[in-house]
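Examination of the molecular architecture
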Amino acid sequence: MTGTLPAPVHRRHQATVVYAVLGSVALVLLVQWVLLTAVIEGYLAGRQDLLVFSTLGSGVCAALAYRLIRHVR
Amino acid sequence: MAEGPAWKDDFPIAWAEDDLVTRREFTKTLVWVSCASFAASTFLTARAAARSEGPLPALKVADVDDLPVGSSRVFAYPVADEPCLLIRRDADTFVAYSQRCTHLGCPVVYEAEESRLHCPCHEGFFDAADGRVLAGPPPRPLPRITLERRGQELWAIGREA
């Protein structure tokens, strides 16, 4: 579809995709940092349940970020 | 006379020598940071799991007669770099806690007259009876060392979070 667009419109479209992915990855990273503080807290407090759930959440965030970056490769 | 603003002549930018980072490269770097964050979380979880496996060894920490009422003694448990504090609160009451403050790890000291433990770094206070936080910035109680009295000897046999 984008191949049929005029060049300036195509560039704008690409820029929009890059900005959308950049914003989404930044948001995911923000959530992940909160989860990392929860992991550190769980590690220091010896709370295994908090550790496991936060690590799983962090894994989901990393997978999501990896999936998002595929849109701008 | 220059066509652009005067500051461009005074402070020319050498674009060819500049190391530009594209938006794509920056976004990819964020994804690497995301992966690193997940790796750090996994490492801490694995380390905590390894730490919690198996019972801790029993270690003789003091003779009852060597510890007067209201006094305290530092010992290491379960490894050499884990300082703990043994306290004799009265004739038959002994308690022990990790000596590391749960705020930033400064060593706590026992204040017998107030029946509390004091962290002098940031004025944190813990109850000597159960290790709970009384005041200050510490977010958690002090980890408690499980003690067992064997005749006239005190032994550390475990650690509670």
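The structure under discussion appears in the preceding block.
Summarised in this report is the structure supplied together with it.

So, how was this worked out
Residues numbered from 1 in each chain as written. Chains lettered and ligands numbered in written order. Predicted model: local features only at pLDDT ≥ 70, side-chain atom pairs only at ≥ 80, totals over all residues. Heavy atoms only, no water. Pairing = 2+ DSSP bridges. Helix = DSSP H or I, 4+ residues; strand = E, 2+ residues; numbered from the N terminus. Axes fitted to C-alpha atoms, helices over the stretch in contact; angles between N-to-C directions. Parallel < 35°, antiparallel > 145°, perpendicular 65-115°, else oblique. Left-handed = near helix turned anticlockwise from the far one by under 90°. Nonpolar A, V, L, I, M, F, W, Y, C, P; charged D, E, K, R; others polar. Disulfide = S-S within 2.5 Å. Buried < 20%, exposed > 50% of the residue type's maximum accessible area, 1.4 Å probe, protein only.

1. Thoughts on the sheet that holds strand E7 (residues 124-127) of chain B
Hydrogen bonds between backbone atoms are what pair the strands of a sheet, whose relative direction is either parallel or antiparallel. Residue and element names in this part refer to chain B. Read from one edge to the other, the open sheet built from four strands follows the order E5-E6-E7-E8, with strand pairing classed as antiparallel. Two strands close off the open sheet at either side, each with one partner strand: strand E5 (109-111) and strand E8 (133-135). On average, adjacent strands in this sheet sit at an angle of 35° to one another, irrespective of strand direction. Pairing analysis gives three bridges linking E5 to strand E6 (residues 116-119), with the strands arranged antiparallel. Pairing of glutamate 111 across the sheet is with arginine 116, part of E6.

2. Let's talk about the packing of helix H1 (residues 7-45) of chain A against helix H2 (residues 23-52) of chain B
Axis angle and axis distance: for two packed helices, these are the angle between their axes and the distance between the axes, and together they describe the pair. Running from amino to carboxyl end, H1 of chain A crosses H2 of chain B at an angle of 20°, the nearest separation of the two axes being 9 Å. Taken together, H1 of chain A and H2 of chain B sit at an angle that is classed as roughly parallel. By crossing handedness, the relation of H1 of chain A to H2 of chain B is classed as left-handed. Broken down by class, the residue content of the contact of H1 of chain A with H2 of chain B amounts to 21 nonpolar, six polar and four charged.

3. Observations regarding the state of the cysteines
All names here are of chain B. Considering all chains together, one arrives at one disulfide over all chains under this definition. Cysteine 106 shares a disulfide with cysteine 121; S-S distance 2.1 Å. One quick way to see it: the torsion about the S-S bond of cysteine 106 and cysteine 121 is about -100°, and its sign makes the bridge left-handed. A residue pair is termed long-range when its members are at least 10 positions apart, and cysteine 106 in the loop between strand E4 (93-98) and E5 and cysteine 121 in the loop between E6 and E7 qualify at 15 residues. Residue cysteine 121 is classed as partly exposed on the basis of its relative accessible area of 40%.

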